Each structure stands twice: as structure tokens, then as C-alpha cells.
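Reading the structure
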Amino acid sequence: MAITTFLFDLDGTLMDSDALHHAAFNTILSRWDRQVDLDYYKTHIMGASNAMIFGHLFPGMPASEFLPLADEKERLFRSQLDQHVEPTPGIERLLEHIARIGGRSAVVTNAPRANAELMLKATGLAGRFDALVIGDELPRAKPDPLPYLTALQLLGGRADEAVAFEDSSSGVKAASGAQVWTFGMLGGLDEARLRAAGAHAVIRDFNGPALWEKLAG
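Every residue gets a number counted from 1 within its own chain, in the order that chain's sequence is written. Where totals are concerned, whole chains, interfaces and linings use all residues; where local detail is concerned, this predicted model gives features only for residues with pLDDT of at least 70, and gives and counts side-chain atom pairs only at 80 or more. Only hydrogens and water are set aside when side-chain values are computed; all heavy atoms of the structure are taken into account.

**A word on the side chain of Thr 5**
- Secondary structure is summarised from DSSP: a helix means a run of H or I of at least four residues, a strand means a run of E of at least two, and numbering begins at the N terminus for each. Residue placement: Thr 5 occurs in strand E1 (residues 5–8).
- When neighbours within four sequence positions are excluded, Thr 5 is seen to be in contact with Arg 104, Leu 152, Leu 155, Gly 157, Glu 161, Ala 162 and Val 163. Residue contacts are counted whenever heavy atoms from the two residues lie within 4.5 Å of one another.

**As for helix H4 (residues 63–80)**
- A helix is expected to reach a length of 1.5 Å times the quantity of its residues less one. Its 18 residues give H4 an end-to-end C-alpha distance of 26 Å, which sits within 8% of 26 Å, the value for a rise of 1.5 Å per residue.
- Categorising residues by exposure relies on relative accessible area from a 1.4 Å probe, with only protein chains included: less than 20% of the type maximum marks a residue as buried, more than 50% marks it as exposed, and the intermediate range marks it as partly exposed. Of all the positions in H4, only Phe 66, Leu 69, Ala 70, Lys 73, Glu 74 and Phe 77 are classed as buried. All buried residues of H4 fall inside an arc of 145 degrees around its axis, so they share one side. Exposed and facing more than 90 degrees away from the buried side of H4 are Ser 64 and Ser 79.
- Along its buried surface, H4 packs onto helix H1 (18–29), helix H3 (50–57) and helix H6 (113–122). Throughout, the arc means that of the directions going from the helix axis to the C-beta atoms.

**As for the sheet that holds strand E2 (residues 104–109)**
- Note on pairing: DSSP must find at least two bridges between two strands before they are called paired. Reading across from one edge, E3-E2-E1-E4-E5-E6 is the order of the six strands in this open sheet, with parallel pairing throughout. Of all strands in the sheet, those bounded by a partner on one side alone are strand E3 (131–134) and strand E6 (201–203). Sheet twist, expressed as the mean angle between neighbouring strand axes with direction ignored, is 25 degrees.
- Direction of pairing for strand E5 (residues 181–185) relative to E6: parallel, over a ladder of three bridges. All axes are obtained by fitting lines to C-alpha atoms, using only the stretch in contact for helices, and the reported angles, taken between N-to-C directions, cover 0 to 180 degrees.

**Observations regarding the pattern of salt bridges**
- Should a side-chain nitrogen of Lys or Arg be within 4 Å of a carboxyl oxygen of Asp or Glu, the pair is scored as a salt bridge. One pass over the structure, following the stated rule, counts twelve salt bridges.
- Across the pair Glu 92 and Arg 128 runs a salt bridge whose closest N-O atoms are separated by 2.9 Å. Taken together, the positions of Glu 92 in helix H5 (residues 91–101) and Arg 128 in the loop between H6 and E3 put the pair 36 residues apart, joining distant regions of the chain.
- Classification of Glu 92 as partly exposed rests on a relative accessible area of 37%.

**Let's talk about the nonpolar core**
- Put simply, buried Ala, Val, Leu, Ile, Met, Phe, Trp, Tyr and Cys residues joined by side-chain atoms within 4.5 Å make one nonpolar core. In terms of nonpolar packing, the biggest core is built from 33 residues, with Phe 6, Phe 8, Leu 14, Leu 94, Phe 165, Phe 206 and Leu 211 touching the most fellow members.
- Secondary structure elements with two or more residues in this core: E1, H5, H6, strand E4 (162–166), E5, E6 and helix H10 (209–216).
- Non-local contacts of Phe 6, meaning those with residues more than four positions away in its chain, are made with Leu 94, His 97, Ile 98, Ile 101, Arg 104, Ser 105, Ala 106, Val 163, Phe 165 and Leu 215.
- Of all hydrophobic cores here, the second largest spans 22 residues; its members include Ile 28, Val 36, Phe 54 and Val 202.

These figures capture arrangement, not role.
Written out as C-alpha cells, the structure reads:
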């Protein structure tokens, strides 16, 4: 069946932003003489919502206290974004393919809207997608499938005619849980961890042969 709907995670998928997030978290945690190593970041932070992340980092702390810390962390992240950030290789080729076939596309992310809009602008990708779905603006964020189901509904797409692109375990679980064929994006996690989360195939960027073989049917 032809693929006509394309669903993209943002952080680590459309751009390599993990190092900036990792640094911002450790800046906040340094006030408590704490830090998280890269493995903790990959396992517990990548792809999760801020409510989940900070609830795990500060067990027992009321949300009224840790959510302002989450907001501050996001401001720190945004302050690190350069005027222009290179998007993941091959995305222009894929967007041209989507336009050529009359396909539809959406960004599906747990990032706050302010982050998502700034990242899309920094990569030159603002305005290139038909919808932007923010997990924290829904009743349930990733790893719940709801953000992907919402994107399909907004685009008028069907799961069996869609593909998703995700770099985190949380995101892969959300997309595959919505019954969407999911490409795991190598970078933060290795192939084994992406497949264990439910990725159907693994690519390094949007030039990956497995992607174009899938699109060719």
C-alpha cells in the first residue's frame, strides 16, 4: 500500500539536539550537586514529557515546584540554539517526495510548543509540515499512542498508509503503538534498543536505503 502520511519526531530526529538538552538538565541539577550521565539521559529522558522527567528526577516534589524548573530548563535549551541548525541529512529529499506525491506530514513531539517552533525555524523547516502536534497539550503524551493517533486524525490519514520517524524508546513505543510503521533513527540509541522498543526498521538519516525501499513498495 502506498505511503502517503509522514509523521516526524523533532528532537534527535529532524535535528541533533540531545547534547543541548543534556547540558541544560545538568545546569539545573548542579544546584543540588547532581548530574545525569549520558546513559541515564538516553534511558529516562529522551522522548519523555517534562512532567515524567522531572517527576522522576525529583520524586516527592510537588508538580507546582518542579514544573517551574522544567520551564527554566527549556529556556536554557532555547538560549543554546544557534541562528541556524543543520537539519538531519536527507530531509529535504524526503519533503520533496512528499510534495511530489501529494502526501501529508506532521511533526509529533513532546517538546513544548515554544521549543518546537524555534527548532523548526532554526533548521529552516518552519512551514514545511501540515500539522504540529504537542504531546503535553493532549491528555496523554508519548509513550502513549495518543499524539500519533491525533496526528493521523488531523491529517485525515490511516495508520496502514503512514510511516513515523523516532529516535527514542518513548517515541518508538508511541508510534508503533498507534500501529504506524516506525523507523528508528540511529543517534542517541543503538539498533538493538530501537528495535526492542518496537521499531520496524532502523536508519541513520533520511537517505537510508531502507526508507526508500519502503516508499518504493
